[in-house]
Amino acid sequence: MKDQKDRLTLNRREFIKFGAGGMAALVVGAKMPWILDNEAFAAAPVQSLNFTITDAIKDMATHNTINPAQCYFWVYKEATLPFEVPGPHIFTTEGTIVNITITNSLEQPHAFFIPGLFDSGPIAPGQTVVKRFGARTAGTYLYYDNLNDPVNRVMGLHGAFIVMPKAPKRGHKFTPYSSPTPGVQALFDDFGTAQWWPGLAWEQGATNPEARPTPPFRQYIWLLHQASPVLFREVGSLPAGEIMESAEFVQKFLHDAFVPTRETNNIPNYFTISGQSGHFAHNTPYICPNLRVGEPCVIRLLNAGLWTHSMHIHANHVYITSIKGVVQENPIWVDVFNIEPLDTVEYVNPYMRPPDVPNERGIGRADAPRTTLNGGPTWPPNEELAMLIPSAPAGLAVQLSPLCYPMHDHSEPSQTSQGGNYNMGMISGMNFIGDRGVAGPGSSFPNQPLIDPPGPGPGVFMPAVPPPWFD
Amino acid sequence: MAFQNTPNHIDRQPVVGALFDESNEFVKMFDPPTASPVLPERMTPTNPVPEVMAAVGVGRLPAPANTVHRQLLARLPKPTWDGVKNIQFFVFTDPDLLGGFSAPQYPAATIRVPRGVIFHGQTTGNPPPHTIHWHGIEPTPLNDGVGHCSMEIGSYLYQWQPNFIGTYFYHCHRNTVQHFEFGLFGLLIIEPPDTYFASVVGANFQNQTLPATITLNNIPVGACSDGLRRTAANTTAFPQFPGFISGDPIFGVTGPGGVGVGDPRAFTVPYDVEAIWVLDDRDSIWSDLAPNEFTTFPTHGAIPGDNDQFNNRPGANGFFAFNDFNADYWFVTGVPVPAHKGETETIDPAGAPPRGGGLPGGLIPAALNSGVSGSQIAINATVGQTILVRCLDAAYNKTRITFPVDVVIIAWDGRALGVPPFGRYNHAFLLPANTPITTSTARRFDGLIRATTPVNSFAKVEFLETRGDDITVTARIPIVIS
Ligand SMILES: [Cu+2]
Ligand SMILES: [Cu+2]
């Protein structure tokens, strides 16, 4: 452990560079221009998937190393990646044939299931199956074990399976969908073109002076889950071949008797986004977008658990473009949306300037900033960007740049870990690292995050695989 | 393999290490610094509401001018409707209110602000730390009021300029799981740009100025310059609501080509009656066992991530069940739902406490409503009037609401549907009578009702568990249209 003095010079830039907890990801198929250069996914191209269904004990979010904070999970372990729960994000393109090998090394039957795309059927203990399936329709899918539903899924056997469209509709820009509705298509057509959405289209990347390039097809995955160490341990301790009835599991998970002290009942007490909580979810650029004004992105939410969450994002309202795989005829523009168990929901985040920063007309447009009492502009907020809070002690100071905002479940019991520890739960965010509409230094705010590709070095990144843009 | 013999382990990332260190961010996440910085990018406030409230006689003249005050928190023990116990509430107070309304209130007084003005909110956390997050308003991070992204107060002058008319709320974002649940919130409504100015002789909403001495004219407080109360909407497809004013079909509230400022009432619809429904629930066990606002605030140690303390705050009492919420008392805009779990009961805003709301005439007092008179909870209107329902789910539950009449949903979360340019991708929609609409924590919708025949019925509000979909309680809100 380092002492306090050594931390004096460390700043947010280094922090974001080394933020841990990036999700393991895989790309299935050949050429996929939509993911190349997208550093949010350190995704390795593979031609076939090779999963072992196994288990692991995971260290969960806490802030005290003498506090074990562990939870037992069942795990989809991909051959090329380390153990992690959830399973890796898998990306592919509409029309790709996916080869998949699955081995069950646990003591009861398991399966691999993608609604509408694939069903392995029961795989007996010790058995290996080899299958293939087509990624027919673009969208966000939860892959999971659908046996003894919902027990096997909630125990950890789940992950995100993303299918991107092969091409946009003729004469239009890319959307994330095979068949977008007129409203959703118009939104994507307008990004980067309409007067009220200055900046980039979603399909459009860019280079930036003295900063890393902006990738095209910016997208993030928020896979939501709740974990109960007491219940998962009980399920994991059953004699070989025995299972817990799903009714008993659900009753304990949702409605176990109230206990005011830590970790003694079966209610979940860890709440994760793509396997991470609190600091480890908000402050990693693999989960939390770090983009400029004018760089719209897609956020794909999936709920693998049994609680309903009410996900609130600060700084920008988002368009709800798809719910449960149904592209929305009426994409509402909201700051909160609920996501029920097994649902998928897509948020389209325009990454507009936070609209309630004072501006000329005050009607939400990319107007000229107003002038402050000090004679500067209200945007970029240069005085605020330069502030350090706390101002002392220096070792704990954080500069208010890039601009930091949270995204969290507003049904707040999930904002905890181990029954307390507010802000160690289901939280991510959105950060602004600049503004494409501002010339000069304002196009990139101080402390640009360095989302370096994983490679030789401290080995703290997940996954430890070559990124797709490496070659 | 099983729990007893799995050889596999998934490590937590250290936050203090030989090669890198993220302990400053890590500490800030769970124990944000308390600070009282000077507002950066400071402007002169132009919000007319405090001055108009003083002229109406519900508040005193603000000092400094054009500035709203909020203090937090005050403790407010409230007896339950059934007399079984007191529940501890945490609430905001407004020291500028007259007539006894500066005393603790649940929910806190509604803040109304015209679109486009510079809002200043002077706040003090006592004892610290707290914040105010203006939910749905999107300013810079310091003014967004989230501790780990900026700081907690202390004291601070929040500044923002509301750009979209609609329904919002404000709440403390410190230990939100407890502070929001215990009632530390109030409604926030963004009004058309000429409201409040319109009620003052010699005021100019275009340059947002008030005369030195405020004299009220006969335009009701909260109404636009045409004397009508209005909110943002595009009701082109719903001509049953008279008085709708449209604007540029592509650029919305501006002039053609996106130039200029257009009509201040562009894309607004008038309403005659406003009803405010804040749906809330309480877990009285949390109140019994964790009545202290510092419960389980962790503190960071000398080596963050290593020897931080979970539970060393006074009053924490070893309570570690903030993941386990079980509502047993329910409220609609502060009015008790006189029902136990599983039951169905009707609220009575005008009735005597603790079973009723104790509101004179069942109406929300102007002092608690930014000077606006007559806002309702239970609806009492006449045939042919336009009724606006603003609904916030402040519960840690989903809610399912069923109206006995047709409702046109005109907005979600302070964003009017179908108003160009940002609403050109969506549209207002009809919610037919007896069709439920489901919402969840922190979501708001605005709905319009205009009955052509008398109604003597109820809106049914079912509070649904977020852990499973069980109905915890059913509240009935009277709707009488005669
Ligand atoms: Cu607070
Ligand atoms: Cu909020």
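Residues numbered from 1 in each chain as written. Chains lettered and ligands numbered in written order. Predicted model: local features only at pLDDT ≥ 70, side-chain atom pairs only at ≥ 80, totals over all residues. Heavy atoms only, no water.

Caption draft 1: The overall build of chain A, seen in detail. The secondary structure content of chain A amounts to seven helices and 27 strands. Within chain A, residue pairs in contact and separated by at least 24 positions form 68% of the contacts whose partners lie at least 6 positions apart. Roughly 14,300 Å² of accessible area belongs to chain A as shown, and the carbon and sulfur atoms make up 55% of that amount. (Helix = DSSP H or I, 4+ residues; strand = E, 2+ residues; numbered from the N terminus. Contact = heavy atoms within 4.5 Å. Areas by Shrake-Rupley, 256 points an atom, 1.4 Å probe, with all protein chains shown as cover.)

Caption draft 2: Expanded view of the interface of chain B and chain A. The interface of chain B with chain A comprises 126 residues on the first partner and 135 residues on the second. Summed over both sides, the interface of chain B with chain A buries roughly 11,400 Å², with 58% coming from carbon and sulfur. On the chain B side of the contact with chain A, Ile 10, Arg 12 and Tyr 425 of chain B bury the most area, a combined 8% of that side's loss. For Lys 398 of chain B, the salt bridge goes to Glu 340 of chain A, with nearest N and O atoms at 2.9 Å. Viewed at the interface, chain A and chain B are joined by 71 residue pairs in polar contact (both at pLDDT 80 or more). Going through the elements one at a time, strand 1 (9–10), helix 1 (23–30), strand 6 (133–135), helix 3 (141–144), strand 7 (155–160), strand 8 (166–171), helix 4 (176–179) and helix 5 (284–289) of chain B are the ones with two or more residues in the side of chain B that touches chain A. Looking at the side of chain B that touches chain A element by element, the count peaks at eight residues for helix 1 of chain B. Looking at the side of chain B that touches chain A residue by residue, the classes come out as 60 nonpolar, 42 polar and 24 charged. Where strand 3 (residues 48–59) of chain A meets strand 1 of chain B, two bridges bridge the pair, whose relative direction is parallel. (Buried area = accessible area lost by both parts, 1.4 Å probe. Salt bridge = Lys/Arg side-chain N within 4 Å of Asp/Glu carboxyl O. Polar contact = N/O pair within 3.5 Å; in protein donor to acceptor, adjacent residues only side chain to side chain. Nonpolar A, V, L, I, M, F, W, Y, C, P; charged D, E, K, R; others polar. Pairing = 2+ DSSP bridges.)

Caption draft 3: Main features of the packing of aromatic side chains. Residues and elements named next belong to chain A. Scanning all chains against the criterion turns up 59 aromatic pairs over all chains. Aromatic side chains Phe 232 and Phe 253 sit 6.4 Å apart centroid to centroid with 5° between the ring planes, which places their arrangement in the stacked category. Residue Phe 232 is located in helix 4 (residues 229–236), and its partner Phe 253 is located in helix 5 (residues 246–255); the two are separated by 21 residues in the primary sequence. For the pair Phe 232 and Phe 253, a shared accessibility class is recorded, and that class is buried. (Phe/Tyr/Trp six-rings, centres within 6.5 Å; stacked < 30°, edge-to-face > 60°. Buried < 20%, exposed > 50% of the residue type's maximum accessible area, 1.4 Å probe, protein only.)

Caption draft 4: View of the coordination of the copper ion (ligand 1). Residue and element names in this part refer to chain B. Only His 130 (ND1), Cys 172 (SG) and His 179 (ND1) from the protein coordinate the copper ion (ligand 1), and they sit 2.0 to 2.1 Å from it. All donor residues of the copper ion (ligand 1) come from one chain, and their arrangement in sequence is H-x41-C-x6-H. Taken together, the residues span a long stretch of sequence, with His 130 in the loop between strand 5 (119–125) and strand 6 and Cys 172 in the loop between strand 8 and helix 4 at a distance of 42 residues. Judged on exposure class, the residue His 130 and its partner Cys 172 are both buried. (Donors = N, O, S within 2.8 Å, 3.2 Å for Na, K, Ca; no water.)

Caption draft 5: Examining the coordination of the copper ion (ligand 2) more closely. Within the protein, the atoms that donate to the copper ion (ligand 2) are His 410 of chain A (NE2), His 135 of chain B (ND1) and His 171 of chain B (NE2), at distances of 2.0 to 2.1 Å. Of this pair, His 410 of chain A sits in the loop between strand 26 (403–409) and strand 27 (427–435) while His 135 of chain B sits in strand 6, which puts the two residues in different chains. On the basis of relative accessible area, His 135 of chain B is assigned to the buried category, the value being 0%.

Caption draft 6: Expanded view of the pattern of salt bridges. All names here are of chain A. Per the counting criterion, the structure on display carries 31 salt bridges over all chains. For Lys 252, the salt bridge is made with Glu 234, and the minimal N-O distance between the two is 3.1 Å. Residue Lys 252 is located in helix 5, and its partner Glu 234 is located in helix 4; the two are separated by 18 residues in the primary sequence. Owing to a relative accessible area of 19%, Lys 252 belongs among the buried residues under this scheme.

Caption draft 7: The arrangement of the sheet that holds strand 2 (residues 67–79) of chain B in detail. All names here are of chain B. One open sheet accounts for four strands, arranged 3-2-5-7; its pairing is mixed. Two strands close off the open sheet at either side, each with one partner strand: strand 3 (86–93) and strand 7. In this sheet, adjacent strand axes meet at a mean angle of 25° when their direction is disregarded. Here strand 5 pairs with strand 7 via six bridges, running antiparallel. Looking at the pairing, Gln 122 lines up with Leu 157 of strand 7. (Axes fitted to C-alpha atoms, helices over the stretch in contact; angles between N-to-C directions.)

Caption draft 8: The arrangement of the side chain of His 135 of chain B in detail. At a separation of 2.9 Å, a polar atom in the side chain of His 135 of chain B contacts the side chain of Asp 335 of chain A. If we ignore the near neighbours within four places in the chain, the residues touching His 135 of chain B are His 312, Asp 335, Val 336 and His 410 of chain A together with Tyr 168, Phe 169, Tyr 170, His 171, Ala 442 and Arg 444 of chain B.

Caption draft 9: Representation of the side chain of Arg 229 of chain B. Residue and element names in this part refer to chain B. Residue position: Arg 229 is located in strand 10 (residues 229–232). Assessed through its relative accessible area of 13%, Arg 229 is described here as buried. There is a polar contact of 3.2 Å between the side chain of Arg 229 and the side chain of Glu 274. Dropping the residues within four chain positions of it, Arg 229 is found in contact with Arg 112, Glu 191, Gly 222, Ala 223, Val 269, Pro 270, Tyr 271, Glu 274, Val 372 and Ser 375.

Caption draft 10: Representation of helix 1 of chain B within the structure. For helix 1 of chain B, the tally of buried residues reaches eight of eight residues, placing the bulk of the element in the interior. Of the positions making up helix 1 of chain B, those classed as buried are Ser 23, Asn 24, Glu 25, Phe 26, Val 27, Lys 28, Met 29 and Phe 30 of chain B.

Caption draft 11: Looking closely at the nonpolar core. The biggest cluster of nonpolar side chains holds 212 residues, and the ones touching the most others in it are Phe 161, Trp 197 and Phe 249 of chain A together with Trp 277 and Phe 403 of chain B. Of the residues that make up this core, three or more belong to each of domain 1 (49–191) and domain 2 (273–282 + 325–481) of chain B. In contact with Phe 249 of chain A, not counting residues within four places along its chain, are Val 151, Val 154, Met 155, Leu 231, Phe 232, Val 235, Met 244 and Leu 306 of chain A. Ranked by size, the runner-up nonpolar core spans 13 residues in total, among them Leu 97, Ala 366, Ala 367 and Leu 368 of chain B. (Core = buried A, V, L, I, M, F, W, Y, C linked by side-chain atoms within 4.5 Å. Domains from an automatic or database assignment.)

Caption draft 12: Spotlight on the layout of surface pockets. What the largest pocket holds in volume is close to 670 Å³. Lining the largest pocket are 36 residues, and of these Lys 78, Tyr 106, Gly 334, Gly 357 and Leu 359 of chain B sit closest to its centre. If you list the elements that add at least two residues to the lining of the largest pocket, you get strand 2, strand 3, strand 4 (108–114), strand 12 (273–282), strand 13 (329–332) and strand 14 (335–337) of chain B. Across the lining of the largest pocket, the residue classes break down as 27 nonpolar, eight polar and one charged. Reported here for the second largest pocket is a volume of approximately 420 Å³. Forming the walls of the second largest pocket are 16 residues, and the residues nearest its centre are Ile 323 and Phe 337 of chain A together with Trp 412, Thr 438 and Arg 443 of chain B. Residue assignment for the lining of the second largest pocket shows that the elements contributing at least two residues are strand 19 (318–323) and strand 22 (336–339) of chain A together with strand 22 (437–439) of chain B. Taken together, the residues of the lining of the second largest pocket break down into eight nonpolar, four polar and four charged. (1 Å grid on protein atoms, 1.4 Å probe; cavity = no way out; pocket = protein on both sides within 12 Å on 5 of 7 lines; lining within 4 Å. Points joined across faces, edges and corners; volume = space filled by probe spheres on them.)

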